[in-house]
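Single-letter residue listing:
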Amino acid sequence: MSKNNEHDGLDLRGTLASVMVVGVIIVVMWVVVYMMYLGR
Amino acid sequence: MIALQDRKLALWYIAVAYIAFLIGTLMGLLQVFIRNDKLQLPAWLDYYQILTAHGVLLALIYTTFFIFAFFVTGMSKSIGTFGPKVRLFSWIGFWVTLIGTVLATAMIVAGEASVLYTFYAPLMASGWYYVGLALFVVGTWISSFALIGHYRVWRKNNKGELSPLFAFMTITTIVLWLIACLGVVATVLFQYIPWAFGWSDTINVELSRSLFWFFGHPLVYFWLLPAYIAWYVIVPKILGVKVFSDSLARLAFVLFILFSIPVGFHHQLTEPGISNFWKFLQVVLTFMVIIPSLMTAFTMFANFEISGRKKGATGLFGWFKKLPWKDVRFTSIFIAMAFFIPGGAGGIINASFQLNEVVHNTLWIVGHFHITVGTPVAMTFMGLTFWLIPYLTGRKFTKSMQILAFVQIITWSIGMLLMSTAQHILGLLGAPRRTAYSNYNNHPSAMEWFDGILTSHVTMAVGGSILFLSAMILIYIVVMSMFLSPKAVKVEDQVEFPMAESDKTHTPKWLENWWIWIGIAFALIIIAYAIPLSSMIMHAPPGSEGFKTW
Ligand code: HEM
Ligand SMILES: [Cu+2]
């Protein structure tokens, strides 16, 4: 497969930030329910 | 525009889908008022009867019929007009599916099948209800094989070439569906039908539930993957970009075949008849599905950012403002995606073994699937409906319809936000799902469920009413674009089927080698299911006779 692919030179910093935000939402929701689980 | 005969088939599928949607959402409206003690059903109508109708008509009938409409149109568009044999079998499939649907629905209406869409034994419906379900599945199989036949003709004529992305994704979804249905067909044919008609006295309950969920989890991916097709293939076209990565898209789809089937036990985590080891193994496999899900999330953001930057956006989030917000085809699907973020996060919680105990059988679950299938999938289908029907009927998608479409998706979003937030919180507080009104003898905990702003059955009812209003607007849009909107005579009025270009030059060929993926899928299924299922059969407890609790 050739090295110079169609994704060279794209600026995807916003995408990186956005998927990080999704990750944080997942973790926060999970921890909230986990805390409730421990509390019961 | 695709061939007239293919359009006719797709339109029939859509028509059935929206009849089911109309009745199903009406049942939803009744449910929220019954749960809030604002409505009492007449003696001849039972809460579980309407809840069965709601689940079956929306989650099974609406989705499946719409999906086939989308597949028929997209396959005809991407790999060509159906040949006579494909067309014949597609119609046979349609009619068999429809007959099954009508039979099952008639049994629900007659009060012979208030067993909910999961039809758990030992609740026993009329045998004809199960026959209806079996016909439904067989009908979809016939239609599926017709589409596979169509695809094979294309492959034969284009030796050595990868198929267009739309066709590849359609076939992936169909492969998933065919494998998934093996479970439900096995239990319906060999367990429920003999039992309901009295040929056998008892049923192995644990086995029937396990076979149901062998089907039940991939079922949710059968709904979701067509929505993902729209996200991967249609959204980029509307944004004016190419498919971000053809190989990533194909890899994500085959991973869904692998990791959506051997995981049904995550719905049975509270059941004593399955040992922890097998539950844990399937929990781990369930978590694998996070990989293609996050690949999808990444691709979506990348599409947005690339499109926004092409239009001159700067900074970290400048692209957000450049998205085509005024285009309802885009905005609808964007909202659908946004709902899927908490929806997917909730799914991870549900599947987290011990955490399942916090949410199991509570209203949280109801909140969860209304922000997975009820909005991300359903609203993607709405967003497709807006242009798909005009595309098929050759009518205009008029300015006033576009405005109405915005009103529709916004009301749906508001209604769903209210209803599902209330359901999630009520569920965490312990309110059960699948119950009509109950105050549990004025128990203080139960009384709490009726006050509070976000945590109340009242909020749920308000949300449900707004949702129903939205559903009726959608029905109006559907009827207009089916029969009444002006014909598009001028070329610029004609509605297009937006399908993005996908660059296949770097895509490895093995991604379309089905034997690899079907082989691994079956290997995983055998690992996850062979031993626990066979021990359910060999060490079966005494079976149960049927119960009719209504
Ligand atoms: C007008 C819009 C809707 C309203 C007001 C509504 C309301 C409700 C309510 C209140 C319940 C829970 C009842 C209970 O557990 O006692 C429910 C269950 C359910 N809903 Fe909806 N819903 C709507 C739309 C949808 C859509 C679009 C789908 C799927 C495409 C859907 C799928 C389901 C399913 C599968 C169940 C579970 C049924 C069961 O427990 O057997 N709903 N709905
Ligand atoms: Cu599942």
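Here is what the cut-offs are and how they apply
- Residues numbered from 1 in each chain as written.
- Chains lettered and ligands numbered in written order.
- Predicted model: local features only at pLDDT ≥ 70, side-chain atom pairs only at ≥ 80, totals over all residues.
- Heavy atoms only, no water.
- UniProt positions renumbered as here; feature names shortened; annotations may be inferred.
- Helix = DSSP H or I, 4+ residues; strand = E, 2+ residues; numbered from the N terminus.
- Donors = N, O, S within 2.8 Å, 3.2 Å for Na, K, Ca; no water.
- Tetrahedral: all angles 85-135°; square planar, octahedral: opposite > 155°, others 65-115°.
- Buried < 20%, exposed > 50% of the residue type's maximum accessible area, 1.4 Å probe, protein only.
- Patch = residues over 30% accessible without salt bridge, like charges linked within 9 Å, V, L, I, M, F, W, Y side chains within 5 Å.
- Areas by Shrake-Rupley, 256 points an atom, 1.4 Å probe, with all protein chains shown as cover.
- Salt bridge = Lys/Arg side-chain N within 4 Å of Asp/Glu carboxyl O.
- Lys, Arg positive; Asp, Glu negative; His and termini not counted.
- Charge placed at Lys NZ, Arg CZ, Asp CG, Glu CD.
- Expected span 1.5 Å × (residues − 1).
- Bend = angle between axes of the 7 residues up to and from the residue.
- Contact = heavy atoms within 4.5 Å.
- Buried area = accessible area lost by both parts, 1.4 Å probe.
- Polar contact = N/O pair within 3.5 Å; in protein donor to acceptor, adjacent residues only side chain to side chain.
- Nonpolar A, V, L, I, M, F, W, Y, C, P; charged D, E, K, R; others polar.
- Axes fitted to C-alpha atoms, helices over the stretch in contact; angles between N-to-C directions.
- Parallel < 35°, antiparallel > 145°, perpendicular 65-115°, else oblique.
- Left-handed = near helix turned anticlockwise from the far one by under 90°.

Where an unreviewed UniProt entry is consulted, chain B appears under the name Cytochrome C, with the organism given as Planococcus halotolerans. Quoted verbatim from the Sequence similarities (unreviewed entry) field of UniProt, the annotation for chain B is "Belongs to the heme-copper respiratory oxidase family." Here chain B is described in UniProt, under the heading Subcellular location (unreviewed entry), as follows: "Membrane".

Per an unreviewed UniProt entry, chain A carries the name Cytochrome C oxidase subunit II and comes from Planococcus halotolerans.

Peer 1: So what's going on with unusual backbone geometry? Which residues, and what values?
Peer 2: Residue and element names in this part refer to chain B. For the peptide bond that leads from A121 to P122, omega is 10°, which places it in the cis range. By secondary structure assignment, the location of P122 is in the loop between α3 (84-109) and α4 (127-157). One non-glycine residue, N361, lies in the positive phi region at around 60°. Relative to the assigned elements, N361 resides in the loop between α11 (356-359) and α12 (363-370). If you check the backbone angles, N442 has positive phi at about 55° while not being a glycine. Relative to the elements of secondary structure, N442 occurs in the loop between α14 (399-428) and α15 (444-448).

Peer 1: Break down the coordination of the iron atom of ligand 1 for me, citing the residues and quoting the values.
Peer 2: All names here are of chain B. Surrounding the iron atom of ligand 1 are the protein donor atoms H54 (NE2) and H370 (NE2), which sit 2.0 Å from the metal. Of note is the iron atom of ligand 1, whose six donor atoms meet at the metal with angles of 86 to 179° in an arrangement that counts as octahedral. Here H370 lies in helix α12 and H54 lies in helix α2 (residues 47-79), a separation of 316 residues in the sequence. Here H370 falls in the buried class, since its relative accessible area comes to 14%.

Peer 1: Tell me about a positive patch on the surface, residues and numbers included.
Peer 2: Residue and element names in this part refer to chain B. A cluster of basic side chains, namely K85, R152, K156 and K159, defines a positive patch on the protein surface. Within the secondary structure, K156 sits in helix α4. Here K156 falls in the exposed class, since its relative accessible area comes to 62%.

Peer 1: Account for helix α5 (residues 165-196) of chain B, naming residues and giving values.
Peer 2: Residue and element names in this part refer to chain B. With 32 residues, α5 extends 44 Å from end C-alpha to end C-alpha; this agrees with the ideal 46 Å at 1.5 Å per step. The largest bend in α5 amounts to roughly 35° and is located at V188. The element α5 is largely enclosed, with a buried count of 28 among its 32 residues. The first or second residue beyond α5 is G198, which carries a positive phi of 85°.

Peer 1: Lay out the interface of chain B and chain A in plain terms, naming residues and giving numbers.
Peer 2: Contact with chain B, which involves 29 residues of that partner, is made by 23 residues of chain A. Summed over both sides, the interface between chain B and chain A buries roughly 2500 Å², with carbon and sulfur atoms accounting for 75% of that surface. Put simply, chain B and chain A have one salt bridge between them. Between R309 of chain B and D11 of chain A there is a salt bridge, with the nearest N and O atoms lying 3.6 Å from each other. The interface formed by chain B and chain A holds eight residue pairs in polar contact (both at pLDDT 80 or more) in total. Among the elements of the structure, α9 (290-310), α10 (328-350) and α11 of chain B are those that each provide at least two residues to the side of chain B that touches chain A. The leading source of residues in the side of chain B that touches chain A is α9 of chain B, at eight residues. Residues of the side of chain B that touches chain A, tallied by class, amount to 19 nonpolar, six polar and four charged.

Peer 1: Explain the environment of I290 of chain B to me, and be specific about the residues and the numbers.
Peer 2: One can find I290 of chain B in helix α9. Note: C-alpha distance between I290 of chain B and I348 of chain B (58 residues apart in sequence) is 8.4 Å.

Peer 1: Can you break down the packing of α2 of chain B against α4 of chain B residue by residue, with the values?
Peer 2: All names here are of chain B. As a packed pair, α2 and α4 sit with axes 11 Å apart at the nearest point and diverge in direction by 15°. Taken as axis vectors, α2 and α4 run roughly parallel relative to one another. The two elements α2 and α4 meet at a crossing, and its hand is left-handed. Residue-level contacts link T52, V56, L60, I61, T64, F65, F68, F71, M75 and I79 of α2 to Y129, F136, T140, S143, S144, L147, H150, Y151 and W154 of α4. Here the residues of the contact of α2 with α4 sort into 13 nonpolar, six polar and no charged.

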